[in-house]
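Structural description and commentary
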There are 2 protein chains.
Amino acid sequence: MKIPPLICALLLLILSLNTIVEARIRHYRWEVKYEFKSPDCYRKLVITINGRTPGPTILAQKGDTIVVDLKNSLLTENVAIHWHGIRQIGTPWADGTEGVTQCPILPGDTFRYKFVVDRAGTYMYHAHYGMQREAGLYGSIRVAGEDEPFVYDYDRSIILNDWYHRSTYEQAAGLSSVPFVWVGDPQSLLIQGKGRFNCSTPGTAAGVCNATNPECSPYVFTVVPGKTYRLRIGSLTALAALSFEIEGHNLTVVEADGHYVEPFVVKNLYIYSGETYSVLVTANQDPTRNYWVVSKMVSRNNTTPNGLAIFNYYPNHPTRSPPTIPPSGPRWNDVEARVNQSLAIRSHPNYIHPVPQTSDRVIILLNTQNTINGFRKWSINNISFTLPHTPYLVSLKHNLLHTFDQTPPPDIINNYEGYDINIVQPNVNATSSNSLYRLKYNTTVDIILQNANMMDANNSETHPWHLHGHDFWVVGYGNGKFNVSEDPKRYNLVNPIMKNTVLVHPYGWTALRFVADNPGVWAFHCHIESHFYMGMGTVFEEGIEKVTKLPSSIMGCGDTKRFLQP
Amino acid sequence: MKIPPLICALLLLILSLNTIVEARIRHYRWEVKYEFKSPDCYRKLVITINGRTPGPTILAQKGDTIVVDLKNSLLTENVAIHWHGIRQIGTPWADGTEGVTQCPILPGDTFRYKFVVDRAGTYMYHAHYGMQREAGLYGSIRVAGEDEPFVYDYDRSIILNDWYHRSTYEQAAGLSSVPFVWVGDPQSLLIQGKGRFNCSTPGTAAGVCNATNPECSPYVFTVVPGKTYRLRIGSLTALAALSFEIEGHNLTVVEADGHYVEPFVVKNLYIYSGETYSVLVTANQDPTRNYWVVSKMVSRNNTTPNGLAIFNYYPNHPTRSPPTIPPSGPRWNDVEARVNQSLAIRSHPNYIHPVPQTSDRVIILLNTQNTINGFRKWSINNISFTLPHTPYLVSLKHNLLHTFDQTPPPDIINNYEGYDINIVQPNVNATSSNSLYRLKYNTTVDIILQNANMMDANNSETHPWHLHGHDFWVVGYGNGKFNVSEDPKRYNLVNPIMKNTVLVHPYGWTALRFVADNPGVWAFHCHIESHFYMGMGTVFEEGIEKVTKLPSSIMGCGDTKRFLQP
């Protein structure tokens, strides 16, 4: 059949208009509620989105506007969702951080999140209220772009997680108890929402664990022999630092937190809560069998069994077990290997965002564990962070300054010079506070995360710190105590990677630099759920005067009730 | 020492002023939070008030103003507290019924409940949001008066309860599932917050049950030989209808729901969720031993062990076990005995509130069980009640009428004449709705609660219906189908008791009458937590135009957010 040229042109026009329209607004309608699920064969209540955990993957093109109408169908519990890695330029009220950028969303209410994904890359979303993230409320965001410095045949997203059988309420109640009840090791590790708990574990209550439940069949990553896959991997563990590997296959790291990396090859990828990576993997091994995919908890001595999935060479049966014993992964305490991976991550030479060569302000954040009024806490410069119940964004924009502590936290702890990070410290002056750092708009700020010994002797943990509203340059890592005059001389100011989540390794320091050019109020915190709950975080304000009119939908709690004028 | 007369008079004046002041305002500061407790030896998260469950007893004099500043320290969950039996005359916004009279109280917020206790009697308070009551958020209100028609030496309050080990979230998720997961029998019965679960029960998870935990030592009611005790008993069970007895002692019933009863003597008192009674008990038995106090679940065939406490004759050791086997209590299915107790409860002759001899409107509420879109529900006149997320009180006062279904529910179901209550009915026309009944101010309304067969053959349950904002006269009970023309002729219009909670017995009907003279919006519902959750309730509005300016503290949710004007 021959189509007349005019009609043909019209059809093309309609098609292209459609494409433009579809590329601009991505509208999702989500309902969150509690449902019983068995992600690791053990039945428990989880928070689902439209019946699923992980929730739907958001697929978008760079520059698209994402609209999520989030209906809270939890019975008595509020909710808020953070769009992890999205900078929310011009929409600071859509960051989804309860207490910082919004009031929580009440049961029965529908809240509209609307924001632009302005950069290609691999991002995530998750609950940012209480410890709800652990209840299963999370998912992937994949923003496609053009002009990528690598090629692949297919694109896949997975999220790694750890999994607890006790509810978030129970965990939080324990953390807030005297004596302190630690959450302990997770019961299992999930790969894209699937894990496997041993139902024969002694002490397991009757009737809750079923090893034959299809919900806990292993995740299957099917590949066509010879093809190359871009695997986007995010971690949203509550606690676990992970090593990830695909038996017998090299992983080429090409992206970190939305930024292109100078490619490097690893057998296993270390990944921490809040981080995302893209790796390329080519199905170039013996195609007559399947292979193990393994996630393993590292950095803490632990009892959690490795998470397993199946790397399935088509047309082998997807559930056919590989003929080998799964790789056991690296030693949990091989800090050097993990530091080396951190050091290996540098910006791809063609995609360098030039880093300011000087900074206007240096803030040294000493990470310590403390006891405050008998409660076990984490502190930053002797301040254990608590969230206010009136969101900072509203308080600062509308001058409700009585709603939080107005004494700013210090840029450096008083006795920093004399502080020995290698021994247990009493830290008797620690207090709880919801004070924040106010940054001068458009200035360059250096943050030094300084690790130290915790309250147990000879122990210093790995903390993944996540900054909202920005990417930062990772300009340096070091062992031991940061030297204010010497260490900055060795900063990488040539090709540092930009990230939104970075590690501070045991007994070490990490230096990062960012420009305070995004008007709003932004959380900065350890992404380990229980650590943030215990006070390991702080908040930055910048350019609040440039924030436009706040939507009333973010209000309704705390002192914002004064605006209720019926 | 001799005190000069002037100073003496001044002192007396100060003392009497103090007394007056103390008698007028009773100010409580409460903090609710989750804590681990073991009320029946099984450790679980409960909601406490100031660290306790049951919470503090409110002690007041008739006419006092109660002020409760309620701080919500739950992590992510809202709360609301209902003052059960208090009519809230002039303060309909203080009734504490989420969705009806207020928005829920958010974490971090402090809500002020302020109301007058205008009548002496025995009342209770409890959470009225989701299924939180079951999590342990409840307590006693005792309002003293003068001029009582009985004498006693001491006054005591206890609350009976049942207790589940699964969380309220888990129970609610099961009730909202397809297929339906029923909550099942409670694991134990509590007497004033203490019960005993058999920790050796097969299937109990390791480490959560400890039979030697002092929190689950039995409740001890210590008495002095020869003295008479007024025992105020309330029931706030989630499910269980109870029989209560004190081994070897008669109970003289003297008060029901704040009204004086023509006294009658029982060996065991039947009591249902939402009811309160005062009984007199005299310590007139062999004082050298202790006696059992027993609560037993009736009305449903069940597996729940009886609750036990100790009636301790001073100076015997309070924990000394009685030498006898605890009384086994009445048969669970002795409906006649329970109906007979209902019939025995009449107003004390000196305290009769004259009942209007005619009514202006008759509403027949047919109680049925149904399946709606696959979900198991309870319905009233084929309407399964759902709560709106904007409180009716605000919607009606401020004309936000789009927030709930404007089609009023029917005063009688279409096919009432032809409806056979004795068999399983398909009830295919049932729907879910948040519509309400609007009553003409100051009119007299008759409500006929008509029971029927549920979805299981040969089964009709006992439902305790509780009315907010009013007492009603209980003018009649009957077996079988209510006869609209004949049965009203046999109403007791002479000395009916007034109550706020009344039963509809299996396959029976109950007629009650009240005057719609309390401006506000008032819930009327089955007090079984899971039944109300499944839709067994409705709401009455009356005199909304007479309600004075609503406090903005009850707003902040649903469509009340339109009043946010920063």
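Everything numeric in this text was worked out from a predicted model, so none of it was measured.

With that settled, consider the overall build of chain A. A tally of regular secondary structure across chain A gives five helices and 32 strands. At 24 Å, chain A has a C-alpha radius of gyration in line with the 24 Å of a compact globule built from 566 residues. C-alpha atoms of chain A, sized along the principal axes, occupy 75 × 65 × 55 Å. When the 566 residues of chain A are sorted by exposure, 60% land in the buried category. When contacts within chain A are restricted to residue pairs at least 6 apart in sequence, those whose partners lie at least 24 apart make up 79%.

Attention now moves to the pairing of strand β14 (residues 251-256) of chain A. Residues and elements named next belong to chain A. Counting buried positions over the six residues of β14 gives five, a clear majority of the element. Across five bridges, the pairing between β14 and strand β15 (residues 259-266) is antiparallel. Bridged to Leu 251 within β15 is Val 266. Counted between consecutive antiparallel strands, the loop separating β14 from β15 contains two residues, among which Asp 257 sits at a positive phi close to 50 degrees. One ladder, built from four bridges, connects β14 with strand β17 (residues 276-282); its direction is antiparallel. Directly across from Ala 256, in β17, lies its bridge partner Tyr 277.

Before going further, it helps to examine the UniProt feature "domain: Plastocyanin-like" (unreviewed entry) in chain A. Residue and element names in this part refer to chain A. When the UniProt feature table is mapped to this numbering, "domain: Plastocyanin-like" (unreviewed entry) covers residues 32-146, 157-314 and 416-543. Within residues 32-146, the helical portion is 0% and the strand portion 43%, while the C-alpha atoms at the span's ends are 33 Å from each other. Span residues 157-314 is 5% helix and 44% strand, its end C-alpha atoms 19 Å apart.

Both copies of the chain are placed relative to one another by a rotation about an axis and a shift along it. Least-squares fitting of chain B to chain A yields an RMSD of 0.0 Å, with the transformation described by 0.0 Å of translation along the axis and a rotation of 180 degrees. Seen this way, the second copy is the image of the first under a two-fold rotation axis. Here 100% of the interface residues in chain B have copies in chain A that are interface residues too; the copies meet face to matching face.

By the definition in use, this model includes 40 salt bridges over all chains. For Arg 438 of chain A, the salt bridge goes to Glu 541 of chain A, with nearest N and O atoms at 3.0 Å. With Arg 438 of chain A in strand β24 (residues 437-439) and Glu 541 of chain A in strand β32 (residues 537-542), this pair connects stretches of sequence that are 103 residues apart. Linking Arg 289 of chain B and Glu 247 of chain B is a salt bridge whose minimum nitrogen-to-oxygen distance equals 3.2 Å. Of the two residues, Arg 289 of chain B is situated in the loop between β17 (276-282) and β18 (291-298) and Glu 247 of chain B in the loop between β13 (241-246) and β14 (251-256); the sequence distance between them amounts to 42 residues. The same class applies to Arg 289 of chain B and to Glu 247 of chain B, which are both buried. One continuous salt-bridge network, built from bridges that share partners, spans Arg 142, Asp 155 and Arg 232 of chain A.

Bringing the nonpolar core into the picture now. Formed by 112 residues in total, the largest nonpolar core has its most connected members in Trp 30, Trp 83 and Tyr 113 of chain A together with Trp 30, Trp 83 and Tyr 113 of chain B. The contacts of Trp 30 of chain A, once residues within four sequence positions are left out, are Ile 49, Asn 50, Pro 56, Ile 58, Val 68, Asp 69, Leu 70, Lys 71, Ile 81, Trp 83 and Tyr 125 of chain A.

The parts lose accessible area when they come together, and the size of an interface is often stated as this lost area. Residue and element names in this part refer to chain A. For chain A, the domain assignment lists domain 1 (149-344) and domain 2 (352-551). Here the C-alpha centre of domain 2 lies 29 Å away from the C-alpha centre of domain 1. With 30 residues of domain 1 at the interface, the matching set in domain 2 holds 25 residues. On inspection of domain 1 and its partner domain 2, the count reaches three salt bridges. Between Lys 499 and Asp 257 there is a salt bridge, with the nearest N and O atoms lying 3.3 Å from each other. Linking domain 1 to domain 2 there are 15 residue pairs in polar contact (both at pLDDT 80 or more). For the side of domain 1 that touches domain 2, the elements supplying multiple residues, two or more each, are α2 (168-175), β15 and α3 (335-344). If you tally residues by element for the side of domain 1 that touches domain 2, the top one is α3, at five residues.

Cut-off values and rules
- Residues numbered from 1 in each chain as written.
- Chains lettered and ligands numbered in written order.
- Predicted model: local features only at pLDDT ≥ 70, side-chain atom pairs only at ≥ 80, totals over all residues.
- Heavy atoms only, no water.
- Helix = DSSP H or I, 4+ residues; strand = E, 2+ residues; numbered from the N terminus.
- Rg over C-alpha atoms; globule rule 2.2 N^0.38 Å.
- Buried < 20%, exposed > 50% of the residue type's maximum accessible area, 1.4 Å probe, protein only.
- Contact = heavy atoms within 4.5 Å.
- Pairing = 2+ DSSP bridges.
- UniProt positions renumbered as here; feature names shortened; annotations may be inferred.
- Least-squares fit on C-alpha atoms with pLDDT ≥ 70 in both.
- Salt bridge = Lys/Arg side-chain N within 4 Å of Asp/Glu carboxyl O.
- Core = buried A, V, L, I, M, F, W, Y, C linked by side-chain atoms within 4.5 Å.
- Domains from an automatic or database assignment.
- Polar contact = N/O pair within 3.5 Å; in protein donor to acceptor, adjacent residues only side chain to side chain.

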